[in-house]
Amino acid sequence: MSRAVLSLGSNLGDRLGHLRGAVDAVRPWLVAVSGVYETKPWGVEDQPDFLNAVCVVDDPARDHWAWLRTGQAAERAAGRVREQRWGPRTLDVDIVTVDGVSSADPELLLPHPGTPDRASVLVPWLEIEPAAVLPGHGPLAGLLALRPESDRLGVVRRPELSLG
């Protein structure tokens, strides 16, 4: 079994359409998808706000590298151009974790190193897996509790938007 958690983000163009395209790319393996959240940018702050979501996927035939290639294909389909680290993007698909696999390969660090510090990942993931644990870091609820209140409150659920 290859169960993965993917974090999705978009802040350029048709943000919701790009997230929907990413979900459609993994729909055959989709276990759960969070609601859509709006967040301020992280890293480079002088850019448009993001729409974010998290999905859980499962396919016994895929390993962590296959999930990376699937995410990259979705990014290419959305016209992603990598010009600036943490800069604006049509679509960002991060592989957060895959079956507890650890990877120090610079192309695919697992679990994703930014996850414990990003309420934009923790909040939507907790929505669909309230008891989730980030390998090597512990329960998501505890990680989120460690984030400043401003981080937690900055992840705003947009109930009028749907990826289902």
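Residues numbered from 1 in each chain as written. Predicted model: local features only at pLDDT ≥ 70, side-chain atom pairs only at ≥ 80, totals over all residues. Heavy atoms only, no water.

Caption draft 1: Here's a closer look at the pattern of salt bridges. Under the criterion given, the structure shown has 11 salt bridges. Ionic pairing is found between lysine 40 and aspartate 49, a salt bridge with its closest N-O pair at 3.3 Å. By relative accessible area, aspartate 49 is classed as partly exposed at 22%. One network of salt bridges, with partners in common, ties together Arg15, Glu38, Arg158 and Glu160. (Salt bridge = Lys/Arg side-chain N within 4 Å of Asp/Glu carboxyl O. Buried < 20%, exposed > 50% of the residue type's maximum accessible area, 1.4 Å probe, protein only.)

Caption draft 2: View of helix H1 (residues 15-26). The first and last C-alpha atoms of H1 sit 17 Å apart over 12 residues, in line with the 16 Å expected at 1.5 Å per residue. Taken together, the buried positions of H1 are Leu16, His18, Leu19, Ala22, Val23 and Val26. Down the axis, H1 shows its buried residues gathered within 165° of arc, on one side only. Each element contacted by the buried residues of H1 is listed here: strand S1 (3-10), strand S2 (30-33), strand S4 (50-58), helix H2 (64-77) and strand S5 (92-98). (Helix = DSSP H or I, 4+ residues; strand = E, 2+ residues; numbered from the N terminus. Expected span 1.5 Å × (residues − 1). Arc of directions from axis to C-beta. Contact = heavy atoms within 4.5 Å.)

Structural measurements only, silent on function.
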